[in-house]
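# Coordinate analysis (summary)
Here's the letter readout for the chains.
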Amino acid sequence: MSPESIQEQLTKYLTDAHSIEEQALAQMKVAPELSRDPEIAAAFTAHRAETEEHERLVRERLEARGAVPARVKDLVGALTGKGFVAFARSQPDTTGKLVAHAYSYEHMELAAYELLAQVAERAGDHETVTVAVGIAAQERAMADRLEGLFDRAVEASLQEVRREDIDEQLVKYLADAHAIETQALKLLERAPRLAEDSGLASAYQEHRSETEEHERVVTARLQGLGASPSRLKDAVLSLGALNWGAFFRAQPDTPAKLAAFVYAYEHLEIASYELLRRVAERAADGETALLASRIVSDERDAARRIHSLLDDALDASLSAQGLAA
Ligand SMILES: [Fe+2]
Ligand SMILES: [Fe+2]
Ligand SMILES: [Fe+2]
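Small disclaimer: the values here were computed from a predicted structure and weren't measured. (Residues numbered from 1 in each chain as written. Chains lettered and ligands numbered in written order. Predicted model: local features only at pLDDT ≥ 70, side-chain atom pairs only at ≥ 80, totals over all residues. Heavy atoms only, no water.)

### Quick notes on the packing of aromatic side chains
Scanning the model with the defined rule gives one aromatic pair in all. With 5.2 Å between their ring centres and 75° between their planes, Tyr103 and Phe150 make a pair best called edge-to-face. Residue Tyr103 is found in helix α4 (residues 94-123), and its partner Phe150 is found in helix α6 (residues 150-159); the two are separated by 47 residues along the sequence. (Phe/Tyr/Trp six-rings, centres within 6.5 Å; stacked < 30°, edge-to-face > 60°. Helix = DSSP H or I, 4+ residues; strand = E, 2+ residues; numbered from the N terminus.)

This is the structure:
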């Protein structure tokens, strides 16, 4: 392995981590005021302070390595959070959307720091290893806090919904789940070809088959509830409006980024089905609640499997750069 290029790779991973933190910071600045629940708002406020610290620590590691943070382009207002605020305000279930989005984002950060720690280890940069391991623990803790706030997120989102409108709200959550599965299919159709590793390729391939099945049962349930086919299209648009700037800007151009991205996406699905199940219970729709808990366990299995393959994804990325593992 050429020593220069592993150093270059490490600087690249640090630069990516820095962009991810800048975008996290933009989101943490607006999230508390958009949350219609005091505990959820407090969790975001606390993590904002941690995120400021992460940004500083990563910047200092970059500077110590003689590099400067890249200017992050504010392509769609993601950085200022404007697009995100506009979208979130337009949603009656803002709090649920925020929590689901943040839950997924924290897992993207977690994967990014686990990869960073590995690359730093291989490059012999022990200070960066320490920083990455420390930040990863805080990202995981925030993700766990959010997991504990799903109940409150649903309470807050349904607070403004009249009793007789809860069925309509349930259809909305189902339509969102459908849109998320449709996006997942697009991602998983491409993923096996980009995996550069047979274990990952089959993980993506097998989850793609499960995803096809999820899409079918969600569609069938929507039809069972008498939702019009146009609801499916509406949800795709509403998902598109949610500002996934950070995600899609960090376009997976390496097997490692792809794995981190899919891992984060699985957590968007987990959060969506956790919320759906709670809304279904409130609407006394046992069939939908059962469907949601069955699918969420598939999503959790897929997330765990991809997580266990992160090191392989990194090996594949490094060898694609001519760096033997
Ligand atoms: Fe962070
Ligand atoms: Fe975070
Ligand atoms: Fe999935």
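### Points about the packing of α4 against helix α13 (residues 310-320)
Their axes nearest at 10 Å, the elements α4 and α13 cross at an angle of 55°. Taken together, α4 and α13 sit at an angle that is classed as oblique. Of the two elements, α4 crosses α13, and the hand of that crossing is right-handed. Across from Ala111, Glu114, Leu115, Gln118, Val119 and Arg122 in α4, the residues of α13 making contact are Leu310, Asp311, Leu314, Asp315 and Leu318. Tallied by class, residues from the contact of α4 with α13 come to six nonpolar, one polar and four charged. (Axes fitted to C-alpha atoms, helices over the stretch in contact; angles between N-to-C directions. Parallel < 35°, antiparallel > 145°, perpendicular 65-115°, else oblique. Left-handed = near helix turned anticlockwise from the far one by under 90°. Contact = heavy atoms within 4.5 Å. Nonpolar A, V, L, I, M, F, W, Y, C, P; charged D, E, K, R; others polar.)

### A short note on the coordination of the iron ion (ligand 2)
Ideal geometry at a metal centre gives angles of 109.5 degrees when four donors are arranged tetrahedrally and 90 or 180 degrees when six donors are arranged octahedrally. Donor atoms from the polypeptide that bind the iron ion (ligand 2) are His47 (NE2), Glu106 (OE), Glu109 (OE) and Glu139 (OE), placed at 2.0 to 2.2 Å. Each of the four donor atoms bound to the iron ion (ligand 2) contributes to angles spanning 80 to 165°, and the resulting shape is irregular. Mapping the donors of the iron ion (ligand 2) onto the primary sequence gives the spacing H-x58-E-x2-E-x29-E. Taken as a pair, the iron ion (ligand 2) and the iron ion (ligand 1) show a spacing of 3.4 Å, with Glu109 coordinating each metal. Pair noted here: His47 is in helix α2 (residues 38-64) and Glu109 is in helix α4, with a separation of 62 residues, a long-range link. Accessibility assignment for this pair places His47 and Glu109 in one class, buried. (Donors = N, O, S within 2.8 Å, 3.2 Å for Na, K, Ca; no water. Tetrahedral: all angles 85-135°; square planar, octahedral: opposite > 155°, others 65-115°. Buried < 20%, exposed > 50% of the residue type's maximum accessible area, 1.4 Å probe, protein only.)

### Re helix α12 (residues 286-308)
Because an α-helix completes one turn every 3.6 residues, residues spaced three or four positions apart along the sequence face the same direction. Here α12 is 23 residues long and its end C-alpha atoms lie 33 Å apart, about the 33 Å a rise of 1.5 Å per residue gives. Taken together, the buried positions of α12 are occupied by Thr288, Ala289, Leu291, Ala292, Ile295, Val296, Asp298, Glu299, Ala302, Ala303 and Ile306. On its buried side, α12 packs onto α7 (166-194), α8 (198-224), α11 (255-282) and α13. For α12, the side-chain oxygen to backbone nitrogen distance between the N-cap and Glu287 is 3.2 Å, and the N-cap itself is Asp285. (Expected span 1.5 Å × (residues − 1). Polar contact = N/O pair within 3.5 Å; in protein donor to acceptor, adjacent residues only side chain to side chain.)

### A word on the coordination of the iron ion (ligand 1)
Around the iron ion (ligand 1), the protein contributes the donor atoms Glu21 (OE), Glu21 (OE), His54 (ND1), Glu109 (OE) and Glu139 (OE), at 2.1 to 2.6 Å from the metal centre. All donors of the iron ion (ligand 1) come from a single chain, and their spacing in sequence reads E-x32-H-x54-E-x29-E.

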